[in-house]
Amino acid sequence: MDHFTYKNGHLHAEDVAIADIAASVGTPFYVYSTATLTRHYRLFTDALTPLPHQVCFAIKSLSNVAVLKTLGDLGAGMDVVSVGEYMRAKAAGVPGERIVFSGVGKTRAEMRVALEGGIRQFNVESEPELRALSEVATSLGLVAPITIRVNPDVDAKTHEKISTGKKGDKFGIPISRASAVYAEAASLPGLDVVGIDVHIGSQLTDLAPFEQAYLMVADLTRQLRAEGHDIRRLDLGGGLGIPYTRSNEAPPLPTDYGALIKRTVGDLGCEIEIEPGRLISGNAGLLVAGVIYLKHGEGRNFLILDAAMNDLVRPAMYGAHHDIIPVVEPVPGVEPQSFDIVGPVCESGDTFAKGRAMAPVAEGDLVAFRSAGAYGAVMASEYNTRPLIPEVLVKADQFAVIRERPTFDEILKRDTIPAWL
Ligand SMILES: *Cc1c(COP(=O)(O)O)cnc(C)c1O
(Lines give C-alpha, C1' and ligand atoms only; values in the text may rest on other atoms or scores of the structure.)
Protein backbone atom coordinates (compact mmCIF):
# COMPACT_ATOMS: atom_id res chain seq x y z
CA MET A 1 0.00 0.00 0.00
CA ASP A 2 1.16 3.52 -0.70
CA HIS A 3 -0.07 7.09 -0.57
CA PHE A 4 -0.07 7.90 -4.30
CA THR A 5 -3.68 8.00 -5.40
CA TYR A 6 -5.96 9.84 -7.78
CA LYS A 7 -8.09 12.48 -6.12
CA ASN A 8 -10.62 14.36 -8.24
CA GLY A 9 -8.98 12.89 -11.32
CA HIS A 10 -5.43 14.03 -10.48
CA LEU A 11 -2.60 11.93 -9.08
CA HIS A 12 -1.55 13.02 -5.60
CA ALA A 13 1.29 12.23 -3.26
CA GLU A 14 -0.62 12.24 0.04
CA ASP A 15 -2.49 15.57 -0.17
CA VAL A 16 -0.24 17.25 -2.73
CA ALA A 17 -1.10 17.22 -6.43
CA ILE A 18 1.79 15.84 -8.50
CA ALA A 19 1.04 18.49 -11.13
CA ASP A 20 1.64 21.23 -8.54
CA ILE A 21 5.07 19.80 -7.71
CA ALA A 22 5.87 19.54 -11.42
CA ALA A 23 4.87 23.17 -11.95
CA SER A 24 7.18 24.19 -9.13
CA VAL A 25 10.31 22.06 -9.73
CA GLY A 26 10.01 21.02 -13.38
CA THR A 27 10.28 17.45 -14.69
CA PRO A 28 11.67 14.90 -14.30
CA PHE A 29 11.82 14.49 -10.52
CA TYR A 30 11.49 11.89 -7.77
CA VAL A 31 8.86 12.31 -5.09
CA TYR A 32 8.64 10.36 -1.82
CA SER A 33 5.81 9.98 0.66
CA THR A 34 6.52 10.36 4.37
CA ALA A 35 3.36 8.42 5.22
CA THR A 36 4.40 5.44 3.10
CA LEU A 37 7.95 5.39 4.45
CA THR A 38 6.59 5.55 7.99
CA ARG A 39 4.00 2.87 7.36
CA HIS A 40 6.51 0.44 5.88
CA TYR A 41 9.04 0.96 8.65
CA ARG A 42 6.35 0.31 11.26
CA LEU A 43 5.22 -2.88 9.52
CA PHE A 44 8.64 -4.32 10.32
CA THR A 45 8.88 -3.11 13.90
CA ASP A 46 5.34 -4.40 14.54
CA ALA A 47 6.15 -7.74 12.90
CA LEU A 48 9.20 -8.27 15.13
CA THR A 49 7.58 -7.21 18.40
CA PRO A 50 7.95 -8.53 21.10
CA LEU A 51 11.43 -9.81 20.16
CA PRO A 52 14.20 -7.36 21.03
CA HIS A 53 15.02 -5.86 17.64
CA GLN A 54 16.53 -3.06 15.61
CA VAL A 55 15.36 -2.36 12.07
CA CYS A 56 18.30 -0.91 10.11
CA PHE A 57 17.19 0.76 6.89
CA ALA A 58 19.48 -0.18 3.96
CA ILE A 59 20.60 3.28 2.90
CA LYS A 60 21.79 2.08 -0.46
CA SER A 61 18.16 1.77 -1.64
CA LEU A 62 17.38 5.46 -1.04
CA SER A 63 19.97 7.65 0.58
CA ASN A 64 18.63 11.20 0.72
CA VAL A 65 19.38 12.63 4.17
CA ALA A 66 15.81 13.93 4.58
CA VAL A 67 14.47 10.42 4.03
CA LEU A 68 17.04 9.02 6.48
CA LYS A 69 16.03 11.61 9.08
CA THR A 70 12.36 10.75 8.56
CA LEU A 71 13.13 7.10 9.37
CA GLY A 72 15.82 7.81 11.97
CA ASP A 73 13.43 9.99 13.96
CA LEU A 74 11.10 6.98 14.19
CA GLY A 75 13.92 4.97 15.78
CA ALA A 76 15.29 3.28 12.67
CA GLY A 77 18.90 2.23 12.55
CA MET A 78 20.84 2.31 9.29
CA ASP A 79 22.72 -0.29 7.27
CA VAL A 80 25.58 1.39 5.42
CA VAL A 81 27.93 -0.06 2.82
CA SER A 82 30.39 2.81 2.50
CA VAL A 83 31.81 5.64 4.56
CA GLY A 84 29.75 8.03 2.44
CA GLU A 85 26.58 6.29 3.55
CA TYR A 86 27.88 6.33 7.12
CA MET A 87 28.24 10.09 6.86
CA ARG A 88 24.72 10.39 5.46
CA ALA A 89 23.37 8.45 8.46
CA LYS A 90 25.27 10.75 10.82
CA ALA A 91 24.07 13.85 8.94
CA ALA A 92 20.52 12.59 9.45
CA GLY A 93 21.15 12.52 13.21
CA VAL A 94 21.28 8.74 13.56
CA PRO A 95 23.62 7.81 16.42
CA GLY A 96 26.52 5.45 15.76
CA GLU A 97 24.96 2.84 18.06
CA ARG A 98 22.23 2.37 15.47
CA ILE A 99 24.51 2.08 12.40
CA VAL A 100 25.73 -1.25 11.04
CA PHE A 101 28.47 -1.35 8.42
CA SER A 102 28.14 -4.00 5.68
CA GLY A 103 30.06 -4.60 2.46
CA VAL A 104 32.85 -6.77 1.09
CA GLY A 105 35.42 -4.06 0.53
CA LYS A 106 35.61 -1.82 3.58
CA THR A 107 38.89 0.08 3.54
CA ARG A 108 40.99 0.84 6.58
CA ALA A 109 40.14 4.52 6.18
CA GLU A 110 36.43 3.68 6.26
CA MET A 111 36.89 1.52 9.36
CA ARG A 112 38.68 4.35 11.11
CA VAL A 113 35.89 6.86 10.48
CA ALA A 114 33.22 4.45 11.71
CA LEU A 115 35.19 3.41 14.80
CA GLU A 116 35.88 6.99 15.79
CA GLY A 117 32.34 8.14 15.04
CA GLY A 118 30.66 5.21 16.79
CA ILE A 119 29.26 2.05 15.29
CA ARG A 120 26.80 -0.63 16.32
CA GLN A 121 28.74 -3.34 14.53
CA PHE A 122 30.77 -4.19 11.47
CA ASN A 123 29.42 -7.07 9.42
CA VAL A 124 32.74 -8.61 8.44
CA GLU A 125 32.84 -10.48 5.15
CA SER A 126 36.29 -12.11 5.01
CA GLU A 127 39.34 -13.10 7.03
CA PRO A 128 41.56 -10.37 5.57
CA GLU A 129 38.93 -7.84 6.60
CA LEU A 130 38.87 -9.34 10.09
CA ARG A 131 42.63 -8.84 10.41
CA ALA A 132 42.51 -5.33 8.99
CA LEU A 133 39.74 -4.31 11.38
CA SER A 134 41.63 -5.79 14.32
CA GLU A 135 44.69 -3.74 13.38
CA VAL A 136 42.77 -0.52 12.88
CA ALA A 137 40.78 -0.87 16.12
CA THR A 138 43.90 -1.74 18.11
CA SER A 139 45.82 1.20 16.68
CA LEU A 140 43.01 3.51 17.82
CA GLY A 141 42.77 1.84 21.23
CA LEU A 142 39.15 0.92 20.46
CA VAL A 143 37.15 -2.29 20.27
CA ALA A 144 35.14 -3.08 17.15
CA PRO A 145 31.88 -4.96 17.69
CA ILE A 146 31.52 -7.48 14.86
CA THR A 147 29.36 -10.10 13.30
CA ILE A 148 30.63 -12.30 10.53
CA ARG A 149 28.54 -12.59 7.40
CA VAL A 150 28.00 -16.21 6.52
CA ASN A 151 27.04 -17.40 3.08
CA PRO A 152 24.50 -20.21 3.56
CA ASP A 153 24.55 -21.32 -0.09
CA VAL A 154 20.81 -21.00 -0.62
CA ASP A 155 19.18 -20.07 -3.89
CA ALA A 156 17.27 -16.82 -3.31
CA LYS A 157 15.37 -17.40 -6.58
CA THR A 158 15.72 -13.78 -7.57
CA HIS A 159 17.48 -11.88 -10.37
CA GLU A 160 21.08 -13.12 -10.67
CA LYS A 161 22.51 -9.61 -10.25
CA ILE A 162 20.89 -9.25 -6.82
CA SER A 163 21.35 -12.77 -5.48
CA THR A 164 24.05 -12.79 -2.79
CA GLY A 165 23.75 -15.95 -0.72
CA LYS A 166 24.82 -18.65 -3.19
CA LYS A 167 28.14 -20.44 -3.21
CA GLY A 168 30.27 -18.54 -5.72
CA ASP A 169 28.81 -15.13 -4.81
CA LYS A 170 31.44 -12.68 -3.53
CA PHE A 171 29.65 -12.16 -0.22
CA GLY A 172 30.45 -13.47 3.25
CA ILE A 173 32.32 -16.61 4.23
CA PRO A 174 31.07 -20.13 3.48
CA ILE A 175 28.98 -21.24 6.44
CA SER A 176 31.01 -24.46 6.55
CA ARG A 177 34.07 -22.42 7.54
CA ALA A 178 32.30 -20.34 10.18
CA SER A 179 33.70 -22.27 13.12
CA ALA A 180 37.31 -21.64 12.08
CA VAL A 181 36.76 -17.98 11.22
CA TYR A 182 34.93 -17.26 14.49
CA ALA A 183 37.80 -18.90 16.36
CA GLU A 184 40.25 -16.60 14.61
CA ALA A 185 38.05 -13.56 15.31
CA ALA A 186 37.93 -14.42 19.00
CA SER A 187 41.70 -14.64 19.11
CA LEU A 188 42.34 -11.24 17.53
CA PRO A 189 42.74 -8.10 19.66
CA GLY A 190 40.40 -5.16 19.22
CA LEU A 191 37.39 -7.23 18.17
CA ASP A 192 34.24 -8.11 20.10
CA VAL A 193 32.29 -10.91 18.43
CA VAL A 194 28.63 -10.10 19.06
CA GLY A 195 26.72 -12.14 16.53
CA ILE A 196 26.07 -13.58 13.10
CA ASP A 197 25.04 -11.83 9.88
CA VAL A 198 23.36 -13.20 6.77
CA HIS A 199 21.88 -11.50 3.68
CA ILE A 200 20.90 -13.70 0.77
CA GLY A 201 19.65 -11.28 -1.86
CA SER A 202 17.14 -8.67 -2.88
CA GLN A 203 13.58 -8.69 -4.21
CA LEU A 204 12.80 -12.15 -2.78
CA THR A 205 9.19 -13.03 -3.45
CA ASP A 206 9.21 -16.37 -1.66
CA LEU A 207 9.90 -16.91 2.03
CA ALA A 208 11.38 -20.39 1.61
CA PRO A 209 14.99 -19.26 1.00
CA PHE A 210 14.81 -17.04 4.11
CA GLU A 211 13.55 -19.98 6.11
CA GLN A 212 16.36 -22.21 4.87
CA ALA A 213 18.99 -19.57 5.67
CA TYR A 214 17.61 -18.65 9.09
CA LEU A 215 17.39 -22.27 10.20
CA MET A 216 21.06 -22.61 9.32
CA VAL A 217 21.82 -19.46 11.32
CA ALA A 218 19.92 -20.92 14.29
CA ASP A 219 22.03 -24.10 14.13
CA LEU A 220 25.19 -22.06 13.78
CA THR A 221 24.22 -19.96 16.81
CA ARG A 222 23.96 -23.08 18.97
CA GLN A 223 27.20 -24.46 17.60
CA LEU A 224 29.18 -21.25 18.09
CA ARG A 225 27.81 -20.85 21.61
CA ALA A 226 28.95 -24.38 22.38
CA GLU A 227 32.38 -23.35 21.12
CA GLY A 228 32.45 -20.51 23.62
CA HIS A 229 31.28 -17.50 21.58
CA ASP A 230 28.78 -15.12 23.14
CA ILE A 231 26.38 -14.89 20.20
CA ARG A 232 23.78 -12.35 21.28
CA ARG A 233 22.74 -10.61 18.09
CA LEU A 234 21.52 -11.94 14.74
CA ASP A 235 21.52 -9.68 11.70
CA LEU A 236 19.17 -11.34 9.22
CA GLY A 237 19.77 -8.95 6.32
CA GLY A 238 17.21 -7.41 4.00
CA GLY A 239 15.75 -8.53 0.74
CA LEU A 240 12.00 -8.87 1.18
CA GLY A 241 10.46 -8.21 -2.24
CA ILE A 242 7.73 -5.76 -3.19
CA PRO A 243 4.95 -5.84 -5.79
CA TYR A 244 6.04 -3.97 -8.93
CA THR A 245 2.71 -4.44 -10.66
CA ARG A 246 -0.72 -3.77 -9.28
CA SER A 247 -2.19 -6.92 -10.73
CA ASN A 248 -0.80 -10.37 -10.12
CA GLU A 249 2.13 -10.21 -7.73
CA ALA A 250 1.57 -10.92 -4.08
CA PRO A 251 4.94 -11.11 -2.34
CA PRO A 252 4.99 -12.17 1.30
CA LEU A 253 4.05 -9.52 3.84
CA PRO A 254 6.29 -8.25 6.64
CA THR A 255 3.93 -9.95 9.12
CA ASP A 256 4.62 -13.33 7.48
CA TYR A 257 8.31 -12.54 7.45
CA GLY A 258 8.22 -11.57 11.13
CA ALA A 259 6.41 -14.79 11.99
CA LEU A 260 9.07 -16.73 10.09
CA ILE A 261 11.82 -15.00 12.07
CA LYS A 262 10.10 -15.81 15.35
CA ARG A 263 9.65 -19.42 14.26
CA THR A 264 13.24 -19.96 13.13
CA VAL A 265 15.42 -17.89 15.48
CA GLY A 266 12.96 -16.45 18.02
CA ASP A 267 13.82 -18.85 20.84
CA LEU A 268 17.55 -18.14 20.91
CA GLY A 269 17.33 -15.07 23.14
CA CYS A 270 19.16 -12.96 20.55
CA GLU A 271 18.50 -9.40 19.61
CA ILE A 272 17.26 -9.43 16.01
CA GLU A 273 18.41 -6.98 13.38
CA ILE A 274 17.02 -6.74 9.88
CA GLU A 275 18.19 -4.53 7.03
CA PRO A 276 15.25 -3.89 4.73
CA GLY A 277 15.74 -1.35 1.97
CA ARG A 278 13.40 -1.87 -0.95
CA LEU A 279 10.35 -2.80 1.09
CA ILE A 280 10.53 0.48 3.00
CA SER A 281 11.52 2.80 0.16
CA GLY A 282 10.40 1.13 -3.09
CA ASN A 283 6.72 1.90 -3.12
CA ALA A 284 7.29 5.15 -1.23
CA GLY A 285 8.56 6.89 -4.37
CA LEU A 286 7.49 7.91 -7.85
CA LEU A 287 9.53 9.14 -10.75
CA VAL A 288 7.53 11.83 -12.53
CA ALA A 289 8.34 12.64 -16.15
CA GLY A 290 6.95 14.78 -18.92
CA VAL A 291 6.12 13.60 -22.42
CA ILE A 292 8.39 15.39 -24.92
CA TYR A 293 7.12 13.81 -28.12
CA LEU A 294 4.70 11.21 -29.31
CA LYS A 295 6.37 9.64 -32.31
CA HIS A 296 4.69 7.21 -34.65
CA GLY A 297 7.18 4.65 -35.97
CA GLU A 298 6.53 1.64 -38.13
CA GLY A 299 3.79 -0.17 -36.31
CA ARG A 300 4.87 1.38 -33.05
CA ASN A 301 4.05 4.42 -30.96
CA PHE A 302 7.01 5.86 -29.14
CA LEU A 303 6.36 7.88 -26.06
CA ILE A 304 9.53 9.93 -25.64
CA LEU A 305 9.90 11.13 -22.06
CA ASP A 306 12.19 13.68 -20.47
CA ALA A 307 13.31 10.97 -18.01
CA ALA A 308 15.88 8.43 -19.17
CA MET A 309 17.93 5.41 -18.16
CA ASN A 310 20.39 7.67 -16.34
CA ASP A 311 17.57 8.75 -14.01
CA LEU A 312 16.10 5.26 -13.47
CA VAL A 313 18.36 2.45 -14.63
CA ARG A 314 16.41 -0.55 -13.34
CA PRO A 315 14.62 -1.36 -16.61
CA ALA A 316 17.90 -1.18 -18.60
CA MET A 317 19.97 -2.96 -15.94
CA TYR A 318 17.66 -5.66 -14.62
CA GLY A 319 14.91 -5.75 -17.25
CA ALA A 320 12.74 -4.46 -14.42
CA HIS A 321 9.09 -3.57 -14.81
CA HIS A 322 7.64 -0.31 -13.50
CA ASP A 323 3.98 0.55 -13.81
CA ILE A 324 3.75 3.86 -15.66
CA ILE A 325 0.55 5.84 -15.21
CA PRO A 326 -0.76 9.18 -16.46
CA VAL A 327 -0.87 11.93 -13.86
CA VAL A 328 -4.34 12.92 -15.07
CA GLU A 329 -6.61 9.98 -14.36
CA PRO A 330 -7.83 8.34 -17.58
CA VAL A 331 -11.58 8.63 -18.06
CA PRO A 332 -13.28 5.28 -17.51
CA GLY A 333 -13.80 3.22 -20.64
CA VAL A 334 -11.09 4.93 -22.70
CA GLU A 335 -9.39 2.51 -25.09
CA PRO A 336 -5.75 1.88 -24.08
CA GLN A 337 -3.05 2.26 -26.73
CA SER A 338 0.23 0.41 -27.06
CA PHE A 339 3.37 2.44 -26.42
CA ASP A 340 7.10 1.93 -26.42
CA ILE A 341 8.07 4.21 -23.55
CA VAL A 342 11.60 5.54 -23.99
CA GLY A 343 14.00 8.25 -22.85
CA PRO A 344 16.17 10.61 -24.91
CA VAL A 345 19.53 8.89 -24.23
CA CYS A 346 21.42 7.66 -27.28
CA GLU A 347 21.13 3.95 -26.53
CA SER A 348 18.44 1.48 -27.47
CA GLY A 349 18.72 0.25 -23.89
CA ASP A 350 17.10 3.53 -22.88
CA THR A 351 13.70 1.88 -23.07
CA PHE A 352 11.40 1.75 -20.05
CA ALA A 353 8.71 -0.44 -21.56
CA LYS A 354 7.85 -2.03 -24.89
CA GLY A 355 4.32 -2.44 -26.17
CA ARG A 356 2.91 -1.12 -22.92
CA ALA A 357 -0.86 -0.66 -22.90
CA MET A 358 -1.68 2.73 -21.54
CA ALA A 359 -4.45 5.29 -21.76
CA PRO A 360 -3.62 7.80 -24.53
CA VAL A 361 -1.36 10.67 -23.49
CA ALA A 362 -0.20 13.69 -25.45
CA GLU A 363 2.88 15.88 -25.67
CA GLY A 364 3.28 17.93 -22.53
CA ASP A 365 1.39 15.45 -20.33
CA LEU A 366 2.89 14.05 -17.17
CA VAL A 367 3.38 10.38 -16.37
CA ALA A 368 4.50 8.68 -13.16
CA PHE A 369 6.61 5.58 -12.67
CA ARG A 370 5.40 3.69 -9.64
CA SER A 371 7.66 1.78 -7.23
CA ALA A 372 10.62 4.03 -8.05
CA GLY A 373 11.69 4.91 -4.51
CA ALA A 374 14.27 2.12 -4.17
CA TYR A 375 17.35 1.84 -6.38
CA GLY A 376 16.10 4.84 -8.36
CA ALA A 377 17.70 8.15 -7.45
CA VAL A 378 20.64 6.38 -5.81
CA MET A 379 21.65 4.70 -9.06
CA ALA A 380 21.22 7.79 -11.22
CA SER A 381 24.11 9.19 -13.22
CA GLU A 382 24.77 12.22 -15.38
CA TYR A 383 25.21 10.16 -18.54
CA ASN A 384 24.66 12.33 -21.61
CA THR A 385 25.32 15.30 -19.28
CA ARG A 386 21.82 15.08 -18.01
CA PRO A 387 21.73 16.73 -14.56
CA LEU A 388 20.76 14.53 -11.60
CA ILE A 389 17.07 15.13 -11.09
CA PRO A 390 15.54 16.72 -7.99
CA GLU A 391 14.08 14.77 -5.10
CA VAL A 392 10.97 15.99 -3.33
CA LEU A 393 9.54 14.84 -0.01
CA VAL A 394 5.84 15.13 0.74
CA LYS A 395 4.26 15.13 4.16
CA ALA A 396 0.46 15.49 4.22
CA ASP A 397 -0.22 18.76 2.37
CA GLN A 398 3.39 20.00 2.40
CA PHE A 399 6.23 19.32 0.03
CA ALA A 400 9.89 20.28 0.00
CA VAL A 401 12.73 19.88 -2.46
CA ILE A 402 15.23 17.68 -0.63
CA ARG A 403 17.78 17.72 -3.43
CA GLU A 404 18.01 20.50 -5.97
CA ARG A 405 18.59 19.97 -9.63
CA PRO A 406 22.17 21.14 -10.29
CA THR A 407 22.73 23.90 -12.81
CA PHE A 408 24.88 23.29 -15.86
CA ASP A 409 27.39 25.77 -14.41
CA GLU A 410 27.74 23.56 -11.34
CA ILE A 411 28.19 20.50 -13.50
CA LEU A 412 30.77 22.10 -15.77
CA LYS A 413 32.70 23.57 -12.83
CA ARG A 414 33.58 20.07 -11.66
CA ASP A 415 35.75 19.53 -14.73
CA THR A 416 39.11 21.25 -14.70
CA ILE A 417 41.39 21.96 -17.61
CA PRO A 418 45.09 21.14 -16.95
CA ALA A 419 47.65 23.93 -17.04
CA TRP A 420 49.17 22.64 -20.29
CA LEU A 421 45.98 23.19 -22.29
C1 LIG B 1 21.21 -4.44 -0.52
C2 LIG B 1 21.33 -4.91 0.88
C3 LIG B 1 20.24 -4.84 1.76
C4 LIG B 1 18.90 -4.34 1.34
O5 LIG B 1 18.26 -5.14 0.41
P6 LIG B 1 16.75 -4.83 0.01
O7 LIG B 1 16.44 -5.83 -1.03
O8 LIG B 1 16.70 -3.43 -0.51
O9 LIG B 1 15.91 -5.01 1.23
C10 LIG B 1 20.44 -5.25 3.07
N11 LIG B 1 21.64 -5.70 3.49
C12 LIG B 1 22.71 -5.79 2.68
C13 LIG B 1 23.98 -6.28 3.22
C14 LIG B 1 22.60 -5.39 1.35
O15 LIG B 1 23.65 -5.49 0.54
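Now for a description of the structure that goes with this document. What you are looking at is a predicted structure, and each value in this text was computed from that prediction instead of being measured.

Re the site of the ligand
Here comes step 1: The environment of the ligand is formed by 15 residues, the closest being Lys60, Ser202, Glu275, Arg278 and Tyr375.
Here comes step 2: Here a nitrogen atom of the ligand and a side-chain polar atom of Glu275 are 2.6 Å apart.
Here comes step 3: Contact distances for the ligand include 2.7 Å between an oxygen atom and a backbone N or O atom of Arg278.
Here comes step 4: Relative to its free-state accessible area of 390 Å², the ligand is covered by the protein chains to the extent of 93%.

Overview of the sheet that holds strand S3 (residues 16-17)
Here comes step 1: Taken in spatial order, the three strands make up an open sheet running S1-S2-S3, and their pairing is antiparallel. Each having just a single partner strand, strand S1 (4-7) and S3 make up the two edges of the open sheet.
Here comes step 2: Relative to strand S2 (residues 10-13), S1 runs antiparallel, the two being bridged by four bridges. Note on S2: the bridge partner recorded for Thr5 is His12.

Remarks on the packing of aromatic side chains
Here comes step 1: A full pass over the atoms with the stated rule returns seven aromatic pairs.
Here comes step 2: Judged by centre distance (5.0 Å) and plane angle (65°), the rings of Phe210 and Tyr257 are edge-to-face. Of this pair, Phe210 sits in helix H8 (residues 208-226) while Tyr257 sits in helix H9 (residues 254-265), and the two are 47 residues apart along the sequence.
Here comes step 3: According to the relative accessible area criterion, Tyr257 is buried, its value standing at 2%.

A word on helix H3 (residues 65-72)
Here comes step 1: By the burial criterion, the buried members of H3 are Val67, Leu68, Thr70, Leu71 and Gly72.
Here comes step 2: Taking the backbone nitrogen of Ala66 as reference, a side-chain oxygen 2.8 Å away marks Asn64 as the first, capping residue of H3.

Observations concerning the environment of Glu273
Here comes step 1: Along the chain, Glu273 falls in strand S13 (residues 271-274).
Here comes step 2: Judged by its relative accessible area of 0%, Glu273 is buried.
Here comes step 3: Setting aside anything within four residues of it in sequence, one finds Glu273 in contact with Gln54, Val100, Arg120, Gln121, Arg233, Leu234, Asp235, Leu236 and Gly237.
Here comes step 4: A distance of 2.8 Å separates the side chain of Glu273 from the side chain of Gln121, its partner in a polar contact.

Criteria and cut-off values
Residues numbered from 1 in each chain as written. Predicted model: local features only at pLDDT ≥ 70, side-chain atom pairs only at ≥ 80, totals over all residues. Heavy atoms only, no water. Near = heavy atom within 4 Å. Polar contact = N/O pair within 3.5 Å; in protein donor to acceptor, adjacent residues only side chain to side chain. Areas by Shrake-Rupley, 256 points an atom, 1.4 Å probe, with all protein chains shown as cover. Pairing = 2+ DSSP bridges. Helix = DSSP H or I, 4+ residues; strand = E, 2+ residues; numbered from the N terminus. Phe/Tyr/Trp six-rings, centres within 6.5 Å; stacked < 30°, edge-to-face > 60°. Buried < 20%, exposed > 50% of the residue type's maximum accessible area, 1.4 Å probe, protein only. Contact = heavy atoms within 4.5 Å.

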